[in-house]
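Each chain, letter by letter, is given below.
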Amino acid sequence: ATVRYDCSLIVGEKRIAIGCHRAILQARSEVLKDMITSQSSNVNADLEIYLPEEDAEAMNAIVQYSYTNTISTHQVSTPELAGEILLATKKFGFPELGILCK
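The notes below deal with the structure included here. Only a predicted model underlies this, so the values are computations on that prediction, with no experimental measurement involved.

**Describing the sheet that holds strand E3 (residues 47-51)**
- Strand order in the open sheet formed by three strands is E2-E1-E3, with mixed pairing between adjacent strands. Pairing within the sheet leaves two strands with one partner each, and these edge strands are strand E2 (16-20) and E3. Going from strand to strand, the sheet's axes swing by 25° on average, the running direction of each strand aside.
- Strand direction decides the pairing type here: strand E1 (residues 7-11) and E3, joined by five bridges, are parallel. Counterpart to serine 8 in the pairing with E3 is glutamate 48.
- Each of E1, E2 and E3 is contacted by helix H3 (residues 56-68), which is oriented at about 5° to E2, the strand it contacts most.

**Some words on the pattern of salt bridges**
- Throughout the structure, instances matching the rule amount to four salt bridges.
- Put simply, aspartate 46 and arginine 4 hold a salt bridge, and the shortest N to O gap is 3.1 Å. A residue pair is termed long-range when its members are at least 10 positions apart, and aspartate 46 in the loop between helix H2 (30-39) and E3 and arginine 4 in the segment before E1 qualify at 42 residues.
- Where aspartate 6 meets arginine 22, a salt bridge forms, and the shortest distance between an N and an O atom there is 3.8 Å. Highlighted residues: aspartate 6 in the segment before E1 and arginine 22 in helix H1 (residues 22-28), separated in sequence by 16 residues.
- Look at aspartate 6 and you get partly exposed, because its relative accessible area is 24%.
- Note on arginine 22: relative accessible area 6%, which makes it buried.
- A network of salt bridges, in which partner residues are shared, links Glu53, Glu54 and Lys91.

Rules and cut-offs
Residues numbered from 1 in each chain as written. Predicted model: local features only at pLDDT ≥ 70, side-chain atom pairs only at ≥ 80, totals over all residues. Heavy atoms only, no water. Pairing = 2+ DSSP bridges. Helix = DSSP H or I, 4+ residues; strand = E, 2+ residues; numbered from the N terminus. Axes fitted to C-alpha atoms, helices over the stretch in contact; angles between N-to-C directions. Contact = heavy atoms within 4.5 Å. Salt bridge = Lys/Arg side-chain N within 4 Å of Asp/Glu carboxyl O. Buried < 20%, exposed > 50% of the residue type's maximum accessible area, 1.4 Å probe, protein only.

Okay, here's the thing in C-alpha cells:
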C-alpha cells in the first residue's frame, strides 16, 4: 500500500523532498505547527515547506522521530550528522531528541 502524504519538507540546496503528515508535525513541534499554519490556507491541498538551510539527513531523522519517538543508530552515522540533528532539534523544538544525539 502506498502512503499518501499531505505535506513535504523540501530540504537543503538539493531540494530533497521528505513526505510527511501535517497532523504529526503539528502535534510534535510548535515551530513546525506555526510554519504549517502560516503556509496552509487550504487543508485539502498538498503543502510544501521549504527548508533550504537544513540538512536533509537530519530532517529525515526528525521526521522519523516525530512518527516513532525513536531514532536508530544508522540515522546518526557520523558525529557531523549528530551535530546537524542536534542543531535541528533546537530549532524545531525537539529537546528530547537532542538529548539522544549528545
